[in-house]
Each structure stands twice: as C-alpha cells, then as structure tokens.
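Observations on the three-dimensional arrangement
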Amino acid sequence: MATTSERPDETADVIVVGSGAAALTAAYTAAAGGLRTVVLEKTDHVGGTSAYSGAAIWLPGNPALLRAGVADTVEQGLEYFSAVVGDRTPADLQKAYVSTGPELVEFLERDPSVAFTHQPFPDYYDAPGRIDGGRAIFPEPLSAVRLAGRRAVLRPPIGVDQYGVDQDRETLVGGQALVARLLLALDATGLAELRTGVRMRSAIVRDGRAAGVVAETGGKTFRLLAERGVVLAAGGYECDDTLRQRHHGLPGASWTSSAPDSNTGDALAAALEVGAAIDLMDEAWWCPATLFPNGHAAFTLGLRGGVLVNAAGERFANESLPYDRLGHAMHEGQATGITHVPAWLVFDDRFDNLPAVTQPVPDPDAFRRAGLWRSAATLPELAELIDVPVDALDKTIARFNGFATTGVDEDFQRGKDPFDRFFGTGEGPNPCLVPVERAPFHAVQIVLGDLGTKGGVRTDGDGRALDTAGDPIPGLFAVGNAAASVAGHVYPGPGTPLGSGMVFGYRAALRLLS
Ligand code: FAD
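The following paragraphs examine the structure supplied in this document. Quick caveat: nothing in here was measured; it's all calculated off a predicted structure.

One pass over the structure, following the stated rule, counts 2 cavities of 30 Å³ or more. The calculated volume of the largest cavity comes to roughly 110 Å³. Contributing to the lining of the largest cavity are 15 residues, with Gly480, Ala483, Ala484, Val486 and Phe504 lying nearest its centre. Per-element accounting of the lining of the largest cavity gives the leading share, 4 residues, to helix H14 (residues 496-513). By residue class, the composition of the lining of the largest cavity is 9 nonpolar, 6 polar and no charged. Looking at the second largest cavity, its volume works out to about 70 Å³. Broken down by secondary-structure element, the contributors of at least two residues to the lining of the second largest cavity are strand S14 (297-301), helix H9 (323-334) and helix H13 (418-423). Broken down by element, the lining of the second largest cavity gets its largest block of residues, 3 residues, from H13. Grouping the constituent residues of the lining of the second largest cavity by class yields 9 nonpolar, 3 polar and 2 charged.

Listed below in structure tokens is the structure:
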C-alpha cells in the first residue's frame with residue numbers, strides 16, 4: 001500500500017478509475033455537479049467492454065420505456081428482480097438499483113448529448129413482474145463526426161478490435177454510441193479530465209480514508225490525490241488467467257469478450273489491499289462463445305437451430321436459453337465429469353452459417369482450416385470427427401427430431417418460453433425446434449465465454465466499498481464489474497450489467513456530491 005508521506009503530484013476532487021459506462025456515468029455526474037474529476041484509463045482507448053456491448057440497459061419504469069408505451073413501474077421491476085435474484089444480495093442494494101433507474105435516465109437525458117430509446121428484448125426468467133417485451137433501453141445512434149477529436153480514443157467495436165473485420169464506423173450504435181454520448185456529456189461539463197494510458201496501481205489511504213491513487217504512465221509512477229473520493233470502475237478480472245483459474249476453475253482469459261488489455265482485476269487488488277470485502281468471485285456474466293481461429297471466442301446468442309452436445313454426444317440444456325443460463329449449464333455440466341466445455345453445436349445443411357447470432361459472423365472456410373468447424377455426409381461420420389460416441393449422437397438427434405415433429409421438447413422445454421421464441425425462426429409447430437436431417441451435417445465448437453466477471457468489492461446502495469466488518473471504507477467506491485454484482489448468481493434481463501453499473505456510478509457520484 002502506498003503512503004502519502006511525500007508531496008503529492010496532483011490533486012482532484014474525484015478520481016474515477018476506468019472509462020466504461022459505469023465510470024463515465026460516475027464521472028459525468030460528479031463533474032456536472034461541480035467536482036473536478038479525473039478519469040484514468042489504463043489502455044489507449046476509452047470505453048472498455050462497454051464500448052463493445054449491445055448497450056441494452058435494464059432499468060424498470062424509466063422515461064424512455066414509458067415514452068415507447070411500455071407499461072412498467074419500479075415496483076413491478078423490483079418484484080421481478082427480487083424474485084429472480086432472491087436473497088443472494090441485500091434487499092436494500094436491489095432496491096437502490098431498481099428504484100434509481102427512472103431518475104438516472106431523466107438526469108442523463110437532460111444533457112443534449114444523451115438520448116435513449118426502447119427496443120423489445122424479453123426478460124430472461126419466467127417470474128412475477130416479468131415483461132415479455134423487456135425493459136431494456138438503448139442509446140440512440142450517433143454520427144461519429146460528433147466526436148471530433150475524441151474519435152481516435154473511442155475503443156473500436158469488438159469485430160474491428162479483436163477480429164480485424166471491416167465495419168461501418170460513421171454511425172455509432174450500441175456500446176459505441178453509449179460511450180460516445182457519455183464522453184460528449186462529460187467533456188461538456190468543462191470540469192473533467194480524461195487520461196488514457198494511465199494505470200491505477202493502488203489506492204492511497206490516509207487516516208483510514210481513501211485519499212487518492214498511485215498510478216503509472218510511461219513507466220513512471222505518480223500520485224494523484226482526491227479531496228472527495230476514489231471511484232473504482234476498472235471492470236473485473238476476466239482477462240487474468242490466474243484469477244480465472246482460481247475462481248472459476250476454468251482456463252480461458254482468451255475466451256472472454258472483454259478487450260485483452262483491459263480488465264485484469266486491478267480494482268479488486270487495490271481494494272483488497274485496503275481491507276475491502278469481496279463476494280461472488282465464482283461468478284461471471286456467462287455466455288456460450290464461438291471459438292474463432294485467432295483464439296478469441298465470440299459471444300454467441302439466439303441459437304435458432306441445431307443442438308448443443310457434450311462429450312457424451314448428449315444434449316444438456318435448452319439451447320434457446322438466455323445466454324447466461326446456457327453458460328451456467330455448460331459450467332455446471334463440467335462438474336459431472338463429462339466435458340461440456342467445449343461443447344459442439346450440431347446443425348444441418350439448411351443453414352449456410354452458424355444458426356446463431358455472433359459478432360463477427362464466422363467464415364466457414366477459415367473455421368474448417370482451423371478444425372473448429374467439421375462437416376460430414378452422415379451423423380456417424382460427424383460423431384467420429386468430433387469424438388463423441390456414434391450411437392449417442394444418433395440417438396440424441398433422432399429424439400430431438402421427434403420433438404421437432406411434435407413441437408414439444410420433452411427433455412428441456414425448448415421453445416416454451418417467450419425468450420426462446422424471440423429468436424426462433426423455424427417453420428414447424430415449434431419455431432425453436434428445427435430438425436437436424438439434411439446432409440451434410442455440421443458441428444462447430446462452442447466454449448464458455450463471458451461478458452465480464454461479476455465478483456468484486458462488496459458495496460452498499462451508494463457504491464461505497466465495504467470492509468470485512470460491513471462498514472463503508474470512507475472515500476472508496478466500487479461500481480460496475482469492479483463491484484460484486486447486485487444480481488448475485490443470475491442475469492435477470494438484457495442490460496443488467498450496464499444498468500446496474502450506471503446506476504451505482506450515478507449513486508456513488510451523488511454521495512460524493514452530498
Ligand atoms: P468496462 O466497460 O470493461 O470498463 C473498464 C475499464 O477499466 C476498461 O477500459 C479498462 O481498460 C479499465 N481499467 C482496468 N484496469 C485499470 C486500471 N488499473 N487503471 C485504469 N483503468 C483500468 N451488458 C449489458 O448490460 N447490455 C448489453 O447489451 C451488453 N452487451 C454486450 C455485448 C458484448 C459483445 C460484450 C462483450 C459485453 C456486453 N455486455 C452487455 C456486458 C457489459 O458490456 C460489461 O459487463 C460492462 O460493460 C462492464 O462495464 P464496466 O464499466 O464495469 O467495465
């Protein structure tokens with residue numbers, strides 16, 4: 001831990017570590033309220049995983065939802081959220097998240113650079129208070145020209161950044177638009193300074209209070225003091241192989257969708273060093289992920305065909321489940337001793353590419369050359385190619401094709417839930433059950449990916465870091481994936497990571513302003 005016996009290099013009112021959506025919301029709120037705010041980002045790009053995201057933001061009863069004619073209230077949202085999260089996280093934390101959504105959206109939209117709109121995307125669980133069309137809002141697209149000099153620092157979309165694909169970047173959408181809009185709002189306050197290429201190394205504590213950070217840039221360390229406080233918004237630890245092995249029991253820092261140079265658990269280490277309590281370290285925002293020839297694994301959702309089989313050649317879940325639930329099924333499947341990671345998505349030739357949504361879309365030839373996509377004229381031949389028992393695969397497919405005929409998946413109820421049907425495009429009695437019958441047959445390797453980790457610093461409803469006795473550590477805040485998630489072991493609906501990160505970023509800044 002650093003001490004403050006030497007003269008500090010610089011001072012600000014508030015230091016925000018990281019530059020994703022949680023960080024920028026905190027920084028904007030603090031600066032708009034009159035605090036001199038410094039944002040530190042360790043990479044050369046602003047936006048973190050938030051810039052890669054689809055930018056669904058789950059905030060029940062918010063003004064953008066109501067404008068779109070969605071009948072929703074905070075009470076109904078909280079009924080749903082607490083029903084699915086249960087008592088794994090404190091009720092007051094859950095209430096703080098859900099009840100602050102409307103106020104946050106109203107506050108952000110007061111800035112001329114910020115605008116949201118609703119698009120349907122169902123909640124992920126069948127529970128009281130659910131809304132089938134969901135309660136997600138998205139930032140309005142934005143012309144990249146609006147970013148002017150800031151354009152070069154915006155982290156590129158994931159397809160460009162990790163897979164080198166060519167993509168229109170003149171109109172910013174999704175996470176690109178979210179980060180860009182928050183950045184414009186932040187800049188307009190005139191009170192915030194954004195520094196890229198600066199890595200926070202540790203927190204400075206003075207008289208029991210977080211008073212600044214030790215940071216590093218260009219191989220040199222310096223100290224930055226904060227009059228009011230330090231907000232850790234530096235993401236999780238998904239890019240650190242050691243932490244993943246230790247807490248998740250799986251390899252795969254290269255399977256995360258986060259930028260490889262970004263979230264390596266720095267906030268966690270800094271907070272632990274000053275006595276913070278941590279929680280939910282075995283969790284992540286899981287997802288199936290398609291392994292690409294370059295070693296990255298792309299977030300894969302909306303499986304509209306095929307079946308997912310484990311090393312025993314058997315299905316193990318409803319393939320149309322929301323991605324985090326399917327990811328959990330893969331993770332939990334490992335505990336049976338049968339390999340579920342990787343699994344194989346087996347589909348037939350009616351699909352000319354993977355029957356799922358991925359970013360980017362696979363190039364089948366490149367996948368075949370890398371051994372990640374295998375094709376055969378018959379199912380027994382395919383079983384040999386993917387090393388699963390021939391009889392088992394045959395039986396699995398025959399049984400599934402029977403379900404496709406009747407329209408009822410007797411094993412996993414695929415297609416029963418509105419979420420499943422949101423992506424279903426099949427023509428039979430159940431749009432989610434598409435038979436696997438037209439040769440040649442294909443199999444693509446699917447691993448366990450994530451959209452960030454969920455374990456981190458325990459916090460209260462204002463994002464204040466708690467110590468092991470449950471008391472706030474004065475001046476220290478943790479928000480976004482740097483904090484233990486309010487959602488506990490589940491992913492309630494599209495936009496929970498961003499929605500909760502932004503709410504607690506906002507609430508942390510309000511606390512700093514009070
Ligand atoms: P990040 O956005 O990851 O930002 C953390 C930043 O901190 C990074 O820029 C990192 O470089 C920086 N940093 C790390 N260490 C340091 C340090 N020591 N010093 C300074 N800076 C540091 N979630 C949703 O809610 N809705 C969606 O629609 C959605 N879609 C997704 C789609 C994709 C393809 C992916 C990959 C994720 C998606 N997610 C979505 C998940 C969501 O984007 C992340 O969980 C969320 O953005 C995490 O936000 P954050 O602010 O905590 O961290």
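A few words now on the pattern of salt bridges. Counted by the stated rule, this structure contains 27 salt bridges. A salt bridge links Arg135 to Asp72; the nearest nitrogen and oxygen atoms lie 2.8 Å apart. Taken together, the residues span a long stretch of sequence, with Arg135 in the loop between strand S4 (116-118) and strand S5 (136-139) and Asp72 in the loop between helix H2 (63-67) and helix H3 (74-85) at a distance of 63 residues. In this structure, Arg135 and Asp72 share a single accessibility class: buried. In this structure, the salt-bridge partner of Glu216 is Arg201, at a minimum N-O distance of 2.8 Å. Separated by 15 residues along the polypeptide, Glu216 in strand S10 (residues 209-217) and Arg201 in strand S9 (residues 199-206) bring together distant segments of the chain. Overlapping salt bridges, with partners in common, bring together Arg315, Glu319, Asp409 and Arg414 in one network.

The tally for this structure, following the rule as stated, stands at 23 aromatic pairs. A ring pair is formed by Tyr28 and Phe107, whose centres lie 5.5 Å apart and whose planes are at 40°; its orientation type is tilted. Residue Tyr28 is located in helix H1 (residues 21-32), and its partner Phe107 is located in helix H4 (residues 91-109); the two are separated by 79 residues in the primary sequence. Grouping residues by exposure puts Tyr28 and Phe107 together as buried. A centroid spacing of 4.8 Å and a plane angle of 75° characterise the contact between Phe299 and Tyr323, whose relative ring orientation is edge-to-face.

We now examine the side chain of Asp72. Overall, the relative accessible area of 6% leaves Asp72 in the buried class. Within polar-contact distance, the side chain of Asp72 engages the side chain of Arg135 at 2.8 Å.

This paragraph deals with the nonpolar core. As a rule of thumb, nonpolar side chains are buried together in soluble globular proteins. Grouped together as the largest cluster of nonpolar side chains are 85 residues, with contacts concentrated most on Tyr97, Leu108, Phe116, Leu178 and Met502. Discounting residues that sit within four places of it in the chain, Leu108 has contacts with Tyr28, Val114, Phe116, Leu182 and Met502. In terms of nonpolar packing, the next biggest core, distinct from the first, is built from 36 residues, Tyr52, Tyr163, Leu250 and Phe347 among them.

A word on the packing of H1 against H4. In the contact formed by H1 and H4, the axes pass within 12 Å of each other and the chain directions differ by 65°. Note that H1 runs across H4; the crossing there is left-handed. For the pair formed by H1 and H4, the contact residues are Thr25, Tyr28, Thr29 and Ala32 on the first element and Leu104, Phe107 and Leu108 on the second. Classifying every residue of the contact of H1 with H4 by side-chain character gives 5 nonpolar, 2 polar and no charged.

Here the focus is the site of the ligand. Close to the ligand lie 38 residues; Glu41, Thr49, Ser50, Asp266 and Leu498 are nearest. Note that an oxygen atom of the ligand is positioned 3.5 Å from one of the backbone N or O atoms of Gly47. Out of a free accessible area of 1,000 Å², the ligand has 97% covered by protein chains. When contributions to the shell around the ligand are tallied by element, the ones reaching two or more residues are H1, strand S2 (37-41), S9 and H14. Looking at the shell around the ligand, the element that brings in the most residues is H14, giving 3 residues. Residues that form the shell around the ligand fall into these classes: 16 nonpolar, 18 polar and 4 charged.

A few words on H1. In this model, H1 (12 residues) spans 16 Å end to end at C-alpha, consistent with the 16 Å of a helix rising 1.5 Å per residue. For H1, a buried count of 11 out of 12 residues is recorded, marking the element as mostly surrounded by other parts of the structure. For H1, every residue scored as buried is listed here: Ala21, Ala22, Ala23, Leu24, Thr25, Ala26, Ala27, Tyr28, Thr29, Ala30 and Ala31. After H1 finishes, the residue Gly34 shows a positive phi value of roughly 105°.

Here the focus is the pairing of S5. Here S5 shows two buried faces, one formed by Ala136 and Phe138 and the other by Ile137 and Pro139. Two strands pair when backbone bridges link them, and strand S3 (residues 57-58) and S5 are joined in this way by 2 bridges, in the antiparallel orientation. Looking at S5, one finds that Trp58 is bridged to Ala136. Across 3 bridges, the pairing between S4 and S5 is antiparallel. For His118, the partnering residue across the bridge sits in S5 and is Ile137.

Topologically, Glu170 is positioned in the loop between helix H5 (158-163) and strand S7 (171-172). The class for Glu170 is partly exposed, based on a relative accessible area of 43%. Excluding anything up to four places from it in sequence, Glu170 contacts Leu142, Ser143, Ala144 and Arg151. Side chain to side chain, Glu170 and Arg151 meet in a polar contact 2.7 Å long.

This part covers the sheet that holds S5. Strands sit in the order S3-S5-S4 across an open sheet of 3 strands; the sheet is antiparallel. Of all strands in the sheet, those bounded by a partner on one side alone are S3 and S4.

Definitions and cut-offs
Residues numbered from 1 in each chain as written. Predicted model: local features only at pLDDT ≥ 70, side-chain atom pairs only at ≥ 80, totals over all residues. Heavy atoms only, no water. 1 Å grid on protein atoms, 1.4 Å probe; cavity = no way out; pocket = protein on both sides within 12 Å on 5 of 7 lines; lining within 4 Å. Points joined across faces, edges and corners; volume = space filled by probe spheres on them. Helix = DSSP H or I, 4+ residues; strand = E, 2+ residues; numbered from the N terminus. Nonpolar A, V, L, I, M, F, W, Y, C, P; charged D, E, K, R; others polar. Salt bridge = Lys/Arg side-chain N within 4 Å of Asp/Glu carboxyl O. Buried < 20%, exposed > 50% of the residue type's maximum accessible area, 1.4 Å probe, protein only. Phe/Tyr/Trp six-rings, centres within 6.5 Å; stacked < 30°, edge-to-face > 60°. Polar contact = N/O pair within 3.5 Å; in protein donor to acceptor, adjacent residues only side chain to side chain. Core = buried A, V, L, I, M, F, W, Y, C linked by side-chain atoms within 4.5 Å. Contact = heavy atoms within 4.5 Å. Axes fitted to C-alpha atoms, helices over the stretch in contact; angles between N-to-C directions. Left-handed = near helix turned anticlockwise from the far one by under 90°. Near = heavy atom within 4 Å. Areas by Shrake-Rupley, 256 points an atom, 1.4 Å probe, with all protein chains shown as cover. Expected span 1.5 Å × (residues − 1). Pairing = 2+ DSSP bridges.

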